[in-house]
Amino acid sequence: MGLFSKKKTKEKRSAEWIKQALEKIEELKPRQVSEPDPGIRYMVRRSDTIPDRTDFEIWKSQLRFPTFQEMLMTCIEKKHMSNKEFYKAALIDRKLFSAIKNNRHYKPKKETAVACCFGLKLCLSDSEKLLELAGYKLSLAITWDRVVYYCLKNNIVDIDDVNELLYAEGEKCIRVS
């Protein structure tokens, strides 16, 4: 099997498209900082009053955020996708999807969480929210993350297209199993 085993009915992206996308991805790199910003203070002041432990327990008991698994299953339902449609689009095998679906506290690898974003065809802001629930954030200082960020920002949601850009940048392609 080739690098991109999924057969596509649409025309392959041209080399020119890849070149243009890579130039735009390169522009996303954060600028180099030689000296620390003098406006940033590095000292942390300690408060004289430490909150009571019971206050923290009350605050914690009132918080309720969905887990990655709960949000993923909600998104699949809202997109009117079958489970099979989703895990095929995300390049996730059935066994892994079953593990995610049946474990409310499942902690996916970053690559798996990103693949879920592409499988659901989420926009950048929704993808960032789903990734945050998995405990991840995209960093423009990391080439792999920068390519993913570019694709999400520009609504390039087909994993084969994303993999073409990752491969052209010399990065690991999205392969979840």
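A quick note: this is a predicted structure, and the numbers were derived from the prediction, not measured.

Procedures and definitions
- Residues numbered from 1 in each chain as written.
- Predicted model: local features only at pLDDT ≥ 70, side-chain atom pairs only at ≥ 80, totals over all residues.
- Heavy atoms only, no water.
- Phe/Tyr/Trp six-rings, centres within 6.5 Å; stacked < 30°, edge-to-face > 60°.
- Helix = DSSP H or I, 4+ residues; strand = E, 2+ residues; numbered from the N terminus.
- Buried < 20%, exposed > 50% of the residue type's maximum accessible area, 1.4 Å probe, protein only.
- Contact = heavy atoms within 4.5 Å.

Undergrad: Would you mind going over the packing of aromatic side chains with me for this structure?
TA: For any two aromatic rings, the description comes down to two numbers: the centre-to-centre distance and the angle of the planes. Using the criterion set out here, one finds two aromatic pairs in the structure. With a centroid separation of 5.7 Å and an interplanar angle of 55°, the aromatic rings of Phe86 and Phe97 are classed as tilted. You can see Phe86 sitting in helix α4 (residues 83–89) and its partner Phe97 sitting in helix α5 (residues 94–102), a full eleven residues away along the chain. When its relative accessible area of 0% is taken as the criterion, Phe86 is described as buried. Look at Tyr87 and Phe97: their rings are 5.6 Å apart centre to centre, the planes differ by 40°, and that puts the pair in the tilted class. On the criterion of sequence distance, the pair formed by Tyr87 in helix α4 and Phe97 in helix α5 is long-range, its members being ten residues apart. Across the pair, exposure class does not vary: Tyr87 and Phe97 are buried alike.

Undergrad: Explanation requested: helix α9 (residues 159–168) in the structure shown.
TA: An α-helical turn contains 3.6 residues, so any two residues separated by three or four positions project in the same direction. Summarising burial for α9: eight of the ten residues are buried, a large majority. Within α9 the residues assigned to the buried category are Ile159, Asp160, Asp161, Val162, Asn163, Glu164, Leu165 and Leu166. The secondary structure elements touched by the buried residues of α9 are α1 (15–27), α4, α6 (110–119) and α8 (143–153). Looking one or two residues beyond α9, the residue adopting positive phi is Gly170, at roughly 80°.

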